[in-house]
Amino acid sequence: MIKNLVIVESPAKAKTIERFLGKEYTVKSSFGHIRDLRKKDLGVDIEHDFQPQYEVSVEKKTVVKELKQLAQKSQTVWLASDEDREGEAIAWHLAETLELPASSTKRIVFHEITKEAIQHAIQHPRTIDQHLVDAQQARRVLDRLVGFEISPVLWKKIKSALSAGRVQSVAVKLIVEREREINQFEEQKYYKVTAIFLTPGAEEHALPVKAELSERFTTRKEAVQFMEHCRRAIFTVSEVETKPAVRKPAPPFTTSTLQQEASRKLGFSVSQTMTIAQKLYESGHITYMRTDSVNLSQVAIDGAKKVITEMLGAEYLHTRQYTTQSKGAQEAHEAIRPTYMDKESIAGDQNEQHLYSMIYKRTLASQMADAKLEKTVVTITVSGSPRIFVAVGEVVLFDGFLRMYHESLDDEKEYEQEEMLPSLHAGDQLLHKRIEALEQYTTHPPRYTEASLVKKLETLGIGRPSTYAPTITTIQNRNYVSKESRPGKEREIEQFILTGEQLTCNQLMRHFGTEKRKLFPSDVGIVVTDFLCMHFPNIMDYNFTAKAEEALDNIAAGQLQWQAMIRDFYAPFHANVEKTLKESERNTGERVLGVDPETGATVSVRIGRFGPVVQAGEGEQVRYAGLLRGQLMETITLEEALDLLQFPRALGEFEEKPVTVAIGRFGPYVKHNQQYVSLKKEIDNPCTITLATAIERIQEKREIENNRRIQEFDNGACILNGRFGPYIAFNKTNYKIPKNQDASRLTFEETMAIIEKGSEGKQKANSKTGSKKAKTTKITKTTQKKSTKTK
């Protein structure tokens, strides 16, 4: 008989908790949800008030069987899944599926995996919160209804294998709208004037005065005229304004701010951040990582107070409690923080250490004194001109929390302190050391990064801490959005420099429009978004999605019955689906670009079976071409389309075989002697690539292939180097080489023996997983043979 069975949702969490509980407790993992809505059909009984129809997945049946047996032998079962709605639902599904009696089942929650927290939870158990379970059920049913009913509409009206989702479609819409803003943006040229001034008689190492002209010139003529005027102008300090400034620390991390900061500081994707944070939580290093609260417990504040005082002194201490501002904050009761405030570092891989360090410093900084600064603004007049230069200087009088942590800014740059200035007074005359007028261009609105998209979703009230990462991952996996870095375009700009009375003009090459890890919509994403906005405006409305989240919050608080919410939504939604299926036309986003001047064929662009294509002509004379990376159906021109229709383009011959370049489903490639070689992104342009470069790519691939081959036999069997070590490839099947055998020394006989043994294993595995029909047929045949023998 087991006295206490504790069930958690992950093996790592089970392992950590087991350390804190005595021998009287057996800790087991459910490996996440043990059941979900049925996959074969809708999984929701609409006729019976949207009753969810759950099933235990095939891969979880063994887990359920084991847990059921253990539960039957246990005096008390403790359900210790996470404290959010998802965790509550896991506990409820366990109780239902394992048929746990209420009298011997207890629900415990904790937001950190420490001995004290777990013991406190054991001493204060509760029952399953049905309101939280209902909120999770409502979300699951709502999302299933939206996805299950809209997706088939997309298959019929646009192309197969598409999907829609209540939150994911709205996230794609944000990215599409931003891309259109960028496409409509009209770039403007301007000249930015900066100067370095010196005080007369200043020593060699005296501080310079770096200033910027308060006005920007829109034409070259204006910039040159001003620079000419500055040759003999007198520069005078007209005003010096000095005022104190204070910088306050940011609150401790919530889920969204952790995702944003990890993206900016560490370069982590949103999903990567959550995976690492999950490991830190399950290892007992940090508190629960899905939260929108910035609150800290008194224990944490006291711990931070002790560390700050001992490390830096009492003057750096300023304890404070923050208030959560986000809409519907409900996921947990505390911010993300270290479980032990005196633990500066942890064991683990490099990513875990970096993320932990960031959480540790941010938490401590939130309880530190404000930084005190002195900001000085100096106004400098130019004789004979109404224009002025402005110099801004900053002195840190007391670094406060800046000693511990600098928060990243939205433009992905760290906080930068202004330059220090020398002592200046009104009436002081300055000497110009260098004045520069540099040609610049206005920049379009920034594309979303994963971090800024999370921030936007949170601002609009769309989604919750547990949904940001899966939403952003899903829209990328569906190829509605891609995360890319693009080099921008190099252009020649002018630079005017005035030193003394000598004015020189230089031509410089600079990159403009460089994008780093930004989110770009695909053509399919744009077409799907337009279709959904036209036919399902309610689903695509930002307010609808935010109000749905508010309704889920009300269900969790026990203020709304969940089926009532679904009923109100479903009737008009379903009617709209039926209407769209009957009345809407097929939409592939087709756009006619013009006419091919050589053939007279109409040239258009549309979504094809494998993605966006350019088409010229009809019938037997039709020609197709895929779009290049970075090209969009909305913005591609007739000239660019005609260039694409040149493919496949003959480059010449190599080793007496033709070499061509073409654009396929997965991008541009070179074809030679029935071999296909992908071109390098960012480097190779299929429209301009030369034969020499193509040959270089062919030879590079050959070298890679040769390095992969360890041995090759006459019957076609090959021993190759793979990602996970050497393996044998034979007849389009791969075979694992035993660890105790050296791949480079295997004989032909030994190689074939491994293949034979591996084939037998694969046959046995296939026979075990074969269909019931196959098994029945085999049994029937065996029976027939036995019957024949008997006769």
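Note: the structure precedes this text.
Residues numbered from 1 in each chain as written. Predicted model: local features only at pLDDT ≥ 70, side-chain atom pairs only at ≥ 80, totals over all residues. Heavy atoms only, no water.

## Description of the overall build of the chain
So, point 1. Assigned secondary structure in the chain consists of 20 helices and 30 strands.
So, point 2. Viewed in the frame of its principal axes, the chain has a C-alpha envelope of about 120 × 80 × 65 Å.
So, point 3. Taken across its 791 residues, the chain has 46% of its residues classed as buried.
So, point 4. Look at the contacts in the chain between residues 6 or more apart in sequence, and 71% of them connect residues 24 or more apart. (Helix = DSSP H or I, 4+ residues; strand = E, 2+ residues; numbered from the N terminus. Buried < 20%, exposed > 50% of the residue type's maximum accessible area, 1.4 Å probe, protein only. Contact = heavy atoms within 4.5 Å.)

## Some points on the packing of aromatic side chains
Each aromatic ring pair is summarised here by two numbers: the centre-to-centre distance and the angle between the ring planes.
So, point 1. Applying the stated criterion across every chain yields a total of 19 aromatic pairs.
So, point 2. Where Phe-197 meets Phe-235, the ring centres are 5.0 Å apart and the plane angle is 50°; that geometry is what we call tilted. Taken together, the residues span a long stretch of sequence, with Phe-197 in strand β9 (residues 189–198) and Phe-235 in strand β11 (residues 235–247) at a distance of 38 residues. The same class applies to Phe-197 and to Phe-235, which are both buried.
So, point 3. Judged by centre distance (5.5 Å) and plane angle (45°), the rings of Phe-217 and Phe-226 are tilted. (Phe/Tyr/Trp six-rings, centres within 6.5 Å; stacked < 30°, edge-to-face > 60°.)

## Overview of the sheet that holds strand β7 (residues 74–79)
So, point 1. As summarised here, the arrangement of the four strands in space is β2-β1-β7-β8, forming an open sheet in which the pairing is parallel. Lying at the two open borders of the sheet, with one neighbouring strand each, are β2 (25–29) and β8 (105–107). Within the sheet, the average angular offset between the axes of one strand and its neighbour, ignoring direction, is 25°.
So, point 2. Pairing geometry for β7 and β8, over three bridges, is parallel. Residue pairing for β8: Trp-78 is matched across the bridge by Lys-106.
So, point 3. Sheet contacts for helix α1 (residues 11–20): β1 (2–8) and β2; angle to β2, the most-contacted strand, approximately 165°. (Pairing = 2+ DSSP bridges. Axes fitted to C-alpha atoms, helices over the stretch in contact; angles between N-to-C directions.)

## Section: the layout of surface pockets
So, point 1. Quantified by volume, the second largest pocket comes out at close to 1,400 Å³.
So, point 2. For the second largest pocket, the lining is made up of 40 residues, of which Glu-86, Arg-140, Asp-143, Pro-470 and Thr-474 are closest to its centre.
So, point 3. Those elements that provide at least two residues to the lining of the second largest pocket are β3 (35–37), α3 (85–97), α5 (130–157), α9 (270–282) and α13 (468–477).
So, point 4. Of all the elements, α5 adds the most residues to the lining of the second largest pocket, at ten residues.
So, point 5. The residue inventory of the lining of the second largest pocket, partitioned by class, reads twelve nonpolar, 15 polar and 13 charged. (1 Å grid on protein atoms, 1.4 Å probe; cavity = no way out; pocket = protein on both sides within 12 Å on 5 of 7 lines; lining within 4 Å. Points joined across faces, edges and corners; volume = space filled by probe spheres on them. Nonpolar A, V, L, I, M, F, W, Y, C, P; charged D, E, K, R; others polar.)

Spatial relationships are all this shows, so hold off on functional conclusions.
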